[in-house]
Each structure stands twice: as structure tokens, then as C-alpha cells.
Amino acid sequence: MKFYHNPSHLHSLVSSIIKSSKRTQLNNFTRCFTTRVGFESPHTSRPIDSSKHQKNTEASYSSSSKLVLYSYWQSSCSWRVRFALNLKGLSYEYKPVNLAKGEQFSPDFERLNPLHYVPVLVDGDTVISDSYAIFLYLEEKYPQRPLLPADPRLKALNLQGASIISSSIQPLHMLSMLKYIEEKIGPEESLSWAQLHIEKGFCALEKLLKDFASRFATGNEVLTCS
């Protein structure tokens, strides 16, 4: 849940996102914010079964029940949850939901999330949608390998940074949002809308993290092993 902080690249990143095609802008954004923390970009390959991915890591915690993640390989919200599950060493069953084919509108999936969004995490009788809520649930239910620091101030800072990304930037330039604006107003307006909110969010994030000189946004470690 910590972010890589490189203020000098923020404005150039925004410009490259807006000037590129929709497919290219997503790839550029993904490479910038995933490869720097040592994760393979999910755009480079389809997601693999988590149990295979964890063969070279510590054994998963046996105390966890069978977790099921409903996800889509191009969903950045779902990437966050896959990263979190693997960082915590939790095994899970991956169930793809093809958004391009409209599988999120099926009656079965609607029972899991009436908003028809991924990701959705199922843990026994508990069903959680929204990546931010899933993070908080995982921290409470599976405290091994915490994603958040113990210090209350740093924890609040991490949560605030996560909220800026998940609430104030990403939802406002989702493809469904841009498509709606494009249909109602025009393609130029959809790009200016995305640029406005990406720049606004990155500027806020930069100011929030300006006092930290570390490898990552709020420290030198991705997580603390217990």
C-alpha cells in the first residue's frame, strides 16, 4: 500500500497519458507504477494461478480459509488486490470476469456486486467488493505480513495516499466514464476531463509526500514481515 514517489516525473507522465492512445496510456501508466516496485505488469501476460506464483515463496498461511478473487486481467483495481494477496502470502482461487464480453452483468456476478465492478473477494461467507475495502479487510483478518506500518501517523498517511489514488484519480478516468463523456459531449472533452483529474490527483499526492526522501513514498520497504 506504499507508493513510489518521483515528483519530477509526474507532469511528464500525465502528458504522455493524455497524448497516447487509450491502450498505450494504460500500458505506460502500468509500467511506471508497477515495475518500480518489483512487480510484473499484468499487461505483459495474463494472470497465472496464484498457487504456481507462490511456489518459490514461503508456504501460504494455513489459517486462511479458501479465498476466491473475481478479477479481470486489465483491471488496475484488481491488480492491487492480487499484489496484496501475494505480499501477504495468501493463496487464492482466481476467477476471471471478462469485462469486454459483459460477464460482469451476469445474474451470478450481480449477486456478488450489484455495481458490476471487479474486484470481488469471497472469503467463506464474506463477500467484499472494492479494492480499498478489500485491503482493510485483509489487514484485519490476516495480520501476518502487514501492508500498513504500525505507526499511526504513517498508517494514516498511507491510507490517505491510497484514497487519493482509488477515489480521486482512478475512478474519474475509467474507460466507462470517458466513453460516457465522449458520447454525450465529444472525444476532446473526455481527454481534457481525464487530464484535469489526473493532474489534480498527482499534484495532491506530490504535496502529501513531499517530506519523504525514501525509496518508496513513505518508507524504504514495501511491507514489514512479522
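Our subject is the structure listed above.
Procedures and definitions
- Residues numbered from 1 in each chain as written.
- Predicted model: local features only at pLDDT ≥ 70, side-chain atom pairs only at ≥ 80, totals over all residues.
- Heavy atoms only, no water.
- Helix = DSSP H or I, 4+ residues; strand = E, 2+ residues; numbered from the N terminus.
- Buried < 20%, exposed > 50% of the residue type's maximum accessible area, 1.4 Å probe, protein only.
- Contact = heavy atoms within 4.5 Å.
- Areas by Shrake-Rupley, 256 points an atom, 1.4 Å probe, with all protein chains shown as cover.
- Polar contact = N/O pair within 3.5 Å; in protein donor to acceptor, adjacent residues only side chain to side chain.
- Core = buried A, V, L, I, M, F, W, Y, C linked by side-chain atoms within 4.5 Å.

K.L.:
Would you mind going over the overall build of the protein chain in detail, with residue names and values included?
P.N.:
Each helix and strand in the protein chain was counted, giving nine helices and four strands. Starting at the N terminus and walking to the C terminus, you meet the elements of the protein chain as α-α-α-β-α-β-α-β-β-α-α-α-α. Across the 226 residues that make up the protein chain, the buried fraction comes to 42%. Sequence-distant contacts in the protein chain: of pairs separated by 6 or more residues, those separated by 24 or more amount to 67%. As presented, the protein chain carries roughly 12,500 Å² of accessible surface, and 55% of it is formed by carbon and sulfur atoms.

K.L.:
Before we move on, could you go through the side chain of N113 and cite the residues and values that matter?
P.N.:
Here N113 lies in the loop between α5 (107-112) and β3 (120-123). Taking the relative accessible area as the measure of exposure, N113 reaches 5% and is therefore buried. From its side chain, N113 meets the backbone oxygen of Y117 in a polar contact 3.0 Å long. The contact partners of N113, leaving out residues within four places of it in the chain, are V120 and S129.

K.L.:
Let's hear about unusual backbone geometry: which residues, and what values?
P.N.:
Note the cis peptide between V118 and P119, where omega equals 10°. If you trace the backbone, P119 turns up in the loop between α5 and β3. A positive phi angle, near 65°, is found at H116, a position not held by glycine. Judged by relative accessible area, H116 falls into the buried class, the value being 18%.

K.L.:
Give a description of the nonpolar core that names residues and reports values.
P.N.:
The biggest cluster of nonpolar side chains holds 26 residues, and the ones touching the most others in it are L67, Y70, L85, L121 and L138. Looking at this core, the elements that each hand over two or more residues are β1 (67-71), α4 (76-87), β2 (92-96), β3 and α6 (131-141). Dropping the residues within four chain positions of it, L85 is found in contact with L67, L69, L90, Y92, L121 and L138. Core analysis: the second largest hydrophobic core is formed by nine residues, L157, I169, I198 and L209 among them.

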